[in-house]
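Below are the chains, spelled out letter by letter.
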Amino acid sequence: MKTDVITVDNKGDSLQLALNRIEGLANAVTKSDKNGHYLRLMAEELFGIVSANAGDFTAKFWAENQNRDFRIVLEADAKELPDEAKKDLLSISSTGENSEDSGIMDKIGSLFCFFAKGGNADNVKTFDYGYIESSGDISWSLKDYKSTIKNKNLDASLEELSKSVIANIVDDIKVGVKDKKVKIEIFKTF
């Protein structure tokens, strides 16, 4: 099943409608208000991280499921920026870390916005790991990121992940660019 695709913006227009539909889908499928609340919390967090980083935007917002596997999606058009604006985005940090983004979810929001504004994986410094690039499509996955930092024993990154409530309750988060659309997806199985 899939909820209605609802257009939301940085002002929160239509947000409550989208959140109610997302929560309702989980409630109906899993027969559990608790699961509906969890899915709503994930959707609110997703919207919050993007709106905190994006400035003015409109995006399509929906959830869908296959049995007890759920996917929440926020999708926007990727826009090209003038070179000066790209330089501003690329100067997120000289250390490879986004010093303004203190948590994993803030970094994911910045990554979404970076891609939406025309950035690419070669230039983004928010994350060092978790990227896949194929035929011009770019994607980043929390699952791949977690696996890489665990294998490399990167203690600071592992500690940051352990502090994130959302990163610990979702199964995966993906951020990607395909066909001039930038999409962030949250995956959860109940």
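Whatever comes next refers back to the structure up there.
So, a few notes on the structure that sits alongside this text. (Residues numbered from 1 in each chain as written. Predicted model: local features only at pLDDT ≥ 70, side-chain atom pairs only at ≥ 80, totals over all residues. Heavy atoms only, no water.)

**Observations concerning the pattern of salt bridges**
(1) Moving on: Following the criterion strictly, the structure yields seven salt bridges and no others.
(2) Moving on: Ionic pairing is found between E64 and R71, a salt bridge with its closest N-O pair at 2.8 Å.
(3) Moving on: Judged by its relative accessible area of 19%, R71 is buried.
(4) Moving on: Three or more residues joined by partner-sharing salt bridges are found here, namely E23, R40 and E44. (Salt bridge = Lys/Arg side-chain N within 4 Å of Asp/Glu carboxyl O. Buried < 20%, exposed > 50% of the residue type's maximum accessible area, 1.4 Å probe, protein only.)

**Regarding the nonpolar core**
(1) Moving on: Ranked by internal contacts, the top residues of the largest apolar core, which has 48 residues, are L46, F61, I72, I108, L142, I173 and I184.
(2) Moving on: It is helix α4 (residues 104-116) that contributes the most residues to this core, nine residues altogether. (Core = buried A, V, L, I, M, F, W, Y, C linked by side-chain atoms within 4.5 Å. Helix = DSSP H or I, 4+ residues; strand = E, 2+ residues; numbered from the N terminus.)

**Describing the environment of N27**
(1) Moving on: Mapped onto the secondary structure, N27 falls in helix α1 (residues 15-30).
(2) Moving on: Residues N27 and L39, spaced 12 residues apart in sequence, show a C-alpha to C-alpha distance of 9.2 Å.
(3) Moving on: N27 has contacts with S32, D33 and G36, leaving out every residue within four places of it along the chain.
(4) Moving on: Separated by 3.4 Å, the side chain of N27 and the backbone nitrogen of G36 make a polar contact. (Contact = heavy atoms within 4.5 Å. Polar contact = N/O pair within 3.5 Å; in protein donor to acceptor, adjacent residues only side chain to side chain.)

So far we have only geometry, and geometry alone does not tell us how the molecule works.
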